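# Structure at a glance
One-letter residues, chain by chain:
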Amino acid sequence: MPLARYRRILLFLFVIVHFTPLLAQERRTMSFSNWILEMEEKFNIGFTYNHSLLDNLTLHVSDCHELNDCLAALSLENPLQFERSNNEQFLIFPVRAPVVFSVQDSETNETVEALQVSINSGQELYLLPRQNEYSIPDLFPTDSLLIRSRFYTSTSVSAQDLSEMSGPMLLSPDTIYLQEVVIEDYLSNGVDSRLSDHSMHVDMKSLGLLAGETDGDVLNVLKSLPGIRTPDGKPGSLNFRGSTFDHTLIIFDEIPIYHSGHFFGTISPYNPAAVSRISIHRGTLPARWGGRVGGLINLQTENTIADSSRYSASANTVYAGLTLNAPVKKEKLGVSIAARSNYPIDYLPPKLDAFRTLNFQGSRIDPNLPGIDRAVEQFDIRFQDFNGKLIFKPNERNQATLSFINIQNRFLYVFDAPNSNSRERQVSDLDNWGITGKWKTTLSDGLDLATGATTSSLTIFESNSENMGGMPRRGEDISNTIDDLRLFANAKYRVSERSTFDVGYQFVNQKVTLDEQEALNRPRSNRRDDAQIHSFYINSQSNWGNRLLTNVGIHSYHYSPLNRQYFDPRVSLSFMVSESFYLKASGGRAHQFIKRKFNNDFDDFRLQNQFWSLANRMSPVLKGTQGMIGFLYDRSGWLLDVEFYSKKTKGVTRQNSPSMDLNGDLLTTGTDIFIKKRWTRFETWIGYSISDVQVDFNSTLTAFFNQRHLLNLTAIHHFDRWNFAASWSYQSGMPVLIPPLDPNDPGSNGQTMLRIPYSGTFPSQHQLDLSVTYKFLKRENQWRGVLGLSLLNVYDRKNVINIFQNNPRVQQPFRYAVGFAPNFSVGLNF
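Residues numbered from 1 in each chain as written. Predicted model: local features only at pLDDT ≥ 70, side-chain atom pairs only at ≥ 80, totals over all residues. Heavy atoms only, no water.

### Quick look at the overall build of the protein chain
For the protein chain, the count of helices and strands is nine helices and 49 strands. Considering only C-alpha atoms, the protein chain reaches an extent of 125 × 65 × 55 Å along its principal axes. With 830 residues in all, the protein chain has 50% of them scored as buried. Contacts in the protein chain between residues at least 24 apart in sequence constitute 62% of all its contacts with a sequence separation of at least 6. Summed over its atoms, the accessible surface of the protein chain is roughly 38,700 Å², and 54% of this surface lies on carbon and sulfur atoms. (Helix = DSSP H or I, 4+ residues; strand = E, 2+ residues; numbered from the N terminus. Buried < 20%, exposed > 50% of the residue type's maximum accessible area, 1.4 Å probe, protein only. Contact = heavy atoms within 4.5 Å. Areas by Shrake-Rupley, 256 points an atom, 1.4 Å probe, with all protein chains shown as cover.)

Here you go:
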């Protein structure tokens, strides 16, 4: 017999002898929990593992007799690893692996262009195919996936079933009406754009990272949107397409807000832990909203009752906060409480110190003045906010809520000038509170009603005094109070799947008080204005062949001080050219009855610049008209949004002299362009705006805050638990306005004219902002947290904003934007 044949026979016998016992072992399936019990009883050992992840796992198990053989065999056939912690205890770790799959249209068999995937109800991933295949890294067989794509029916599947599919996953086309089309993650995670009314919506729970901010500061989110800017660098000084701050309607759970925020507008007064959703309109407002000629910021708190008690704590270098959400009676009554405060210490952290410089530059207490720390004897900054809400849901068709907000600010300084033997003291207070009671009911499948009442009050107070040689020299107290009462009722009727009809009424009673004492031993002057405003709106939304969506409405008012009726038509149009290309347009008119005077400066440190007054025969009602046309393209990770707009606001009031006001117009034309490209873990966008803002007070001039060009380049990268964001911004310089000098003022050095090296406009502004966050959690998922680091103006660019218009110092007449400002934050959720 040939030698080669003997070798083959011996090899065959060797395989039979050595591998037959293994092949003969019984292979079976069993639940993970049953296998654990069997092993613990058989070998007298214990295991530590993530119960919520592994208990539902189905194992492939082979018979074994030795512990090490059992664990080794199980690791070969299942995604598990074992590590001995001591002789009687083992740790079990899940082994995650990528899953590659394809997704096709069930009717055309074409690859679906993009997916949104949520793993275990977590934050969604945006996926694009590569060579017609999708890939999700780090999946475990028991992971639950919700897979969505616009114009398709969503489907749920486990990671194990997805990996074992023999062919492509098939998604069924779904009928999506035009009014339901949402451009998800327009700016970042949680920021969406809706075609139905051209609005932006922010879901604070899923909000992604933005450059320069890790705390979810509401106002910093808004200023990142195209068409919204903050010319003076303060997040609270929002400018919607050329409109000044007072032209924008800000609503918090139906409570009107009349101020720019904490510490003179540098910090948002809206606790991100309390805010659930934000709706933003940059252009023509829907017919429901009235009383403002600019944009809308509608902030809403959570309207659902928590299943169990949840707690959170957050802190950064500027402030700290606590939040509670708890059910009082399961599914019937819930409560939520949120509170924040800055630290009651004299030390100013770097970011707050940068805001201090931003706020007080050019003033008597300018931090850049030599010897200022010795001259300022007392310097105190305090701010806090509190939110509370009760939710009562007696049944599925009815819900009642009671919301409360309180915002408080205090700033105090004492300036001691030993050379002149004088001592100055200033106190600035802001106290804002509001309560809303609201009831919503569904009378039928097509009819919803909401009614409620809101009462609120804002008081801004400033006191200035000076002593010379221990004797009073001057003193001034001034305050502005707005008391606001609102009653409202709204109804929405769904005529069909393609048509809805909205109608509503609101009564507003406003009392505006100006109380001042201009000098010592002088009687106080008190002026109080009252107004009752009855407003009514009606709007019809129609879907024409699922191609054209129209919103046509009107908002009317009766303003009691002038005994006049006003009518404002509103219209918005959206046309679907294809499933990825849309045309849009809007236009309308609005009137505003409470306003602030137009000033040629950003000096928020002077509280008088923040005072409000009601329109009267000398200070006319604001009348605004605006229009917009544009288009939007969204396909395969690319997003292009372009809007051309024009606005005109009549009745703007400017104080020309202490005894005379001028009334004029504010005119704006511009274009907003937004381009975004997304990948699975990386996204980048370019925002560009070109605009021209002019004022006309007997002659047409460029507005003092006009910036012709604004450019923003942003990149965001997601890596495991890390998120990174970088943003570089560029803005044209503002117009050079040179104020006259008073030669008797100490800062003028006896000069009557200021000489500066700039003309036309100031130099362009630019800065780089960075942010990074890291998410962590306890293995048993009992709590989770996030660490964050943000850097504003990384290379500390000295950006010139303008010249101080009120007695500037000859040596330093310029106002600068915020400098380098680092901040560190930590958040915990239980």
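### With respect to the packing of aromatic side chains
Using the criterion set out here, one finds 35 aromatic pairs in the structure. Relative to F47, the ring of W35 has its centre 5.7 Å away and its plane inclined at 45°; by these criteria the two rings are tilted. Of this pair, W35 sits in helix 2 (residues 32-43) while F47 sits in strand 2 (residues 46-48), and the two are 12 residues apart along the sequence. Comparing W35 with F47, the two get one shared label, buried. (Phe/Tyr/Trp six-rings, centres within 6.5 Å; stacked < 30°, edge-to-face > 60°.)

### Observations regarding the confidence of the model for the protein chain
Per-residue pLDDT for the protein chain has a mean of 90; in total, 95% of the residues score no lower than 70. For the protein chain, per-element mean pLDDT is lowest for helix 1 (residues 3-24), which scores 48, and highest for strand 35 (residues 581-592), which scores 98. Counting contacts from residues 12-25, a segment whose pLDDT is below 50, to residues more than four positions away or on other chains yields four contacts. (pLDDT = per-residue confidence, 0-100.)

### Side note on helix 4 (residues 67-77)
Looking only at helix 4, the buried set comprises L67, C70, L71 and L74. Mapping the buried residues of helix 4 onto a view down its axis gives an arc of 95°, with all of them on the same face. Exposed residues on helix 4 whose side chains face more than 90 degrees from its buried face are N68 and L76. (Arc of directions from axis to C-beta.)

### Considering helix 8 (residues 350-360)
Judged by how many residues are buried, helix 8 sits mostly within the fold: eight of 11 residues are covered. Among the residues making up helix 8, those that are buried are K351, L352, A354, F355, R356, L358, N359 and F360. In the stretch just after helix 8, G362 is the one whose phi turns positive, near 85°.

### As for the pattern of salt bridges
Between side chains of opposite charge, a pair can form when the charged atoms approach closely. Evaluation of the coordinates by the stated rule reveals 35 salt bridges. Across the pair R148 and E124 runs a salt bridge whose closest N-O atoms are separated by 2.8 Å. Placement of R148 in strand 11 (residues 144-148) and of E124 in strand 9 (residues 124-127) is noted, with a sequence separation of 24 residues between them. Between R382 and D380 there is a salt bridge, with the nearest N and O atoms lying 3.0 Å from each other. The class of D380 is buried, set by a relative accessible area of 18%. Each of R241, R282, K584, D641, E643 and D672 takes part in one network of salt bridges that share partners. (Salt bridge = Lys/Arg side-chain N within 4 Å of Asp/Glu carboxyl O.)

### Digging into the side chain of S268
Structurally, S268 is set in the loop between helix 7 (262-265) and strand 21 (275-281). Setting aside residues up to four positions removed in sequence, S268 forms contacts with D217, V218, L219, H262 and R340.

### Some words on the pairing of strand 24 (residues 319-329)
As defined by bridge partners, strand 23 (residues 310-316) adjoins strand 24 across six bridges and the pair is classed as antiparallel. Residue pairing in the sheet places A313 in a bridge with L322 of strand 24. Linking two consecutive strands that pair antiparallel, namely strand 23 and strand 24, is a turn of two residues. Sheet topology note: the strand 24/strand 25 (residues 333-342) ladder contains 10 bridges and is antiparallel. Each bridged residue has a counterpart across the sheet, and for L322 the counterpart in strand 25 is A339. Between strand 24 and the antiparallel strand that follows it, strand 25, lie three residues; E331 among them carries a positive phi value of about 65°. (Pairing = 2+ DSSP bridges.)

### Some thoughts on the pairing of strand 16 (residues 199-203)
Among the five residues that make up strand 16, four are buried, leaving the element largely enclosed by the rest of the structure. Both strand 15 (residues 191-194) and strand 16 contribute to a ladder of four bridges, which runs antiparallel. Considered in strand 16, the bridge of V191 is made with V202. Between the antiparallel neighbours strand 15 and strand 16 lie four residues, among them H198 with a positive phi of about 60°. As defined by bridge partners, strand 16 adjoins strand 21 across four bridges and the pair is classed as antiparallel.

### A few points about empty space enclosed by the protein
Under the defined criterion, the tally for this structure stands at eight cavities of 30 Å³ or more. In terms of lining residues, the largest cavity is bounded by 50 residues, among which K223, T230, N712, S729 and Q731 are the most central. Only strand 17 (228-229), helix 8, strand 41 (682-696), strand 43 (709-719), strand 44 (722-731) and strand 45 (765-777) provide two or more residues apiece to the lining of the largest cavity. It is strand 43 that provides the largest number of residues to the lining of the largest cavity, a total of five residues. Its residues assigned to classes, the lining of the largest cavity shows 22 nonpolar, 20 polar and eight charged. Estimates place the volume of the second largest cavity at around 420 Å³. Lining the second largest cavity are 27 residues, with T244, F245, R596, D601 and F704 sitting closest to its centre. Considering only residue class, the lining of the second largest cavity consists of nine nonpolar, 10 polar and eight charged. (1 Å grid on protein atoms, 1.4 Å probe; cavity = no way out; pocket = protein on both sides within 12 Å on 5 of 7 lines; lining within 4 Å. Points joined across faces, edges and corners; volume = space filled by probe spheres on them. Nonpolar A, V, L, I, M, F, W, Y, C, P; charged D, E, K, R; others polar.)

### Thoughts on the packing of helix 2 against helix 4
Packing of helix 2 against helix 4 leaves a shortest axis separation of 11 Å and a crossing angle of 165°. For the element pair helix 2 / helix 4, the angle class is roughly antiparallel. Crossing handedness for the pair helix 2 and helix 4: left-handed. For the pair helix 2 and helix 4, contact is made by W35, M39 and F43 and by L67, C70, L71 and L74, respectively. Its residues assigned to classes, the contact of helix 2 with helix 4 comprises seven nonpolar, no polar and no charged. (Axes fitted to C-alpha atoms, helices over the stretch in contact; angles between N-to-C directions. Parallel < 35°, antiparallel > 145°, perpendicular 65-115°, else oblique. Left-handed = near helix turned anticlockwise from the far one by under 90°.)

### Notes on the state of the cysteines
One pass over the structure, following the stated rule, counts one disulfide. One disulfide bridge connects C64 with C70, the sulfur atoms lying 1.7 Å from each other. Residues C64 and C70 are joined by a disulfide whose S-S torsion is about 110°; by sign, that bridge is right-handed. Each member of the pair, C64 as well as C70, is classed as buried. (Disulfide = S-S within 2.5 Å.)

### What to know about the sheet that holds strand 4 (residues 80-86)
Reading across the sheet, the three strands line up as 2-5-4 and stay open at both edges, with mixed pairing between neighbours. In this open sheet, the two edge strands, each paired with only one partner strand, are strand 2 and strand 4. Averaged over all adjacent pairs, the angle separating strand axes in this sheet is 30°, with direction ignored. Here six bridges tie strand 4 to strand 5 (residues 89-94), and the two strands are oriented antiparallel to one another. Note that in strand 5 the partner of Q81 across the bridge is F93. Against the sheet, helix 2 contacts strand 2, strand 4 and strand 5, and its axis sits at roughly 140° relative to strand 2. Sheet strands in contact with helix 4 are strand 2, strand 4 and strand 5, and its direction is about 150° off that of strand 4.

### Some thoughts on the nonpolar core
Formed by 66 residues in total, the largest nonpolar core has its most connected members in Y270, I278, I280, L299 and Y559. In terms of residues, this core owes the most to one element, helix 6 (residues 218-222), which gives four residues. Apart from residues lying up to four places away in sequence, L299 is in contact with V218, I250, I251, F252, D253, Y270, V275, R277 and I278. L348, F360, I365 and L792 belong to the second-largest nonpolar core, a separate cluster that totals 25 residues. (Core = buried A, V, L, I, M, F, W, Y, C linked by side-chain atoms within 4.5 Å.)

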